[in-house]
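Listed below, chain by chain, are the residues.
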Amino acid sequence: MSGDFMGHFFSLTLLTSYNPSLKSIKELPQTTLTLNHPDPLLLYGTHDVHLKRIEAAFPDTKITARGNKIHLQGPGAAIDSIKHAFNELASVAGRNGLVTTGDLDTILAMSTADPRPSNHGIGDVILYTPSGSIVRTKTPGQARLLESAKHNDIVFAIGPAGTGKTFLAVAQAVAALKARQVKRIVLCRPAVEAGERLGFLPGDFRDKIDPYLRPLYDALEEFLPPEKLSTHMQDHVIEIVPLAFMRGRTLNSAYVILDEAQNATAIQMKMFLTRLGINSRAIITGDLTQIDLEDSRQCGLQEATSVLNRIKGIDFVYFNQIDVVRHRLVKEIINAYEENGH
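Reading the values: rules and limits
- Residues numbered from 1 in each chain as written.
- Predicted model: local features only at pLDDT ≥ 70, side-chain atom pairs only at ≥ 80, totals over all residues.
- Heavy atoms only, no water.
- Core = buried A, V, L, I, M, F, W, Y, C linked by side-chain atoms within 4.5 Å.
- Buried < 20%, exposed > 50% of the residue type's maximum accessible area, 1.4 Å probe, protein only.
- Helix = DSSP H or I, 4+ residues; strand = E, 2+ residues; numbered from the N terminus.
- Contact = heavy atoms within 4.5 Å.
- pLDDT = per-residue confidence, 0-100.
- Salt bridge = Lys/Arg side-chain N within 4 Å of Asp/Glu carboxyl O.

**A short note on the nonpolar core**
Generally speaking, nonpolar side chains in soluble globular proteins are found buried as a group.
Next up, step 1: In terms of nonpolar packing, the biggest core is built from 36 residues, with L187 and I238 touching the most fellow members.
Next up, step 2: Among the secondary structure elements, those contributing two or more residues to this core are β5 (125-128), α6 (140-151), β7 (154-158), α7 (165-178), β8 (184-189), α9 (205-223), β9 (238-242) and β10 (254-258).
Next up, step 3: Looking at which element gives the most residues to this core, the answer is α7, with 9 residues.
Next up, step 4: If near-sequence neighbours (up to four positions away) are discounted, I238 is found in contact with L177, I185, L187, L220, L224, L229, H232 and M233.
Next up, step 5: Formed by 29 residues, the second largest nonpolar core is a distinct cluster that contains V186, V256, L293 and I314.

What follows is the structure, encoded as structure tokens:
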């Protein structure tokens, strides 16, 4: 985090230096954050409920708030994570005018995740492409997603652009289809801009909606030869549809993927998740920093992180900048926007 961005939301004063030989929290270094905006009460929550939950998530720390000043004591790594959490809370409060329980759950999940790279599961083979190349997991987040998909029927993959969430989800679905673990694949996306722009696009409805679904076609074309993909599409073994077309369906023995889920409303998310039938699995991908809904408080992905996080068989995998696998500049672009409050 750059000093300029830190000053945008809060200023920082380090009161003591860290000594790893110190044992109790009282002996650990103290850091003071001075909130410049928004209203501190939005971040603290009613009766400091948000502060208490943040402190509970980092049991080796102590958090004390006085007006617009937050005093933190604890190990250096935990303090850095807490500063990141408050920065994200300030961003949400500034953007939405409030901080919900779901916002806090998501921020804490991302802030308490182990940021250190791990080689465990990296390099695992997912499938072979028509050209004979091997699709493998490349990052810690991808390895976690692959492992989670083996043990859970519903997995949420949440993180920034360029981390391979959609690519890996489609690869998983194709691998399951080839192994005859499922009989069909259904991929869908919300077309949040369709209401404004469809009428200006040429062609029939399919021609108008295809641009919104194109990224899913691109992923499939990586894993299946053109003639096989065409046959599967004609036989409805593989379907690519707008999210709205999922209503009223029951999908048995299917691998179902919802992409760009941050643009699905809470009602749409519930509708999608309840389409799953016997022997079906689902991966939901999304980036909570790129919500295009007119009212971001309606975001179904955000709500799901708090409503569904305790259900056995549902898992949440969070990606971060370490997992970016696109052009080297993508990681720097993501960091730059985060440092400027976006």
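Read on for the rest.
**A word on the confidence of the model for the protein chain**
Any region with low pLDDT has predicted coordinates that should not be read closely.
Next up, step 1: Mean pLDDT over the protein chain works out to 79, with 78% of the residues at or above the 70 mark.
Next up, step 2: Mean pLDDT values over the elements of the protein chain span from 41, in helix α1 (residues 3-9), up to 97, in β10.
Next up, step 3: Counted against residues more than four places away or in other chains, residues 1-8, with its pLDDT under 50, gives 16 contacts.

**Focus: the pattern of salt bridges**
Next up, step 1: Tallying each qualifying case throughout the model produces 9 salt bridges.
Next up, step 2: In this structure, K83 engages D80 in a salt bridge whose closest nitrogen and oxygen atoms are separated by 3.4 Å. Note that K83 and D80 are positioned in helix α4 (residues 76-96) at a spacing of 3 residues, about one turn of the helix.
Next up, step 3: Here R189 and D259 are joined by a salt bridge, their closest N and O atoms 2.8 Å apart. In this pair, R189 sits in strand β8 while D259 sits in the loop between β10 and α11 (266-273), placing the two residues 70 residues apart along the sequence.
Next up, step 4: In this structure R189 comes out as buried when scored by relative accessible area, which is 14%.
Next up, step 5: One continuous salt-bridge network, built from bridges that share partners, spans R184, E239 and R249.

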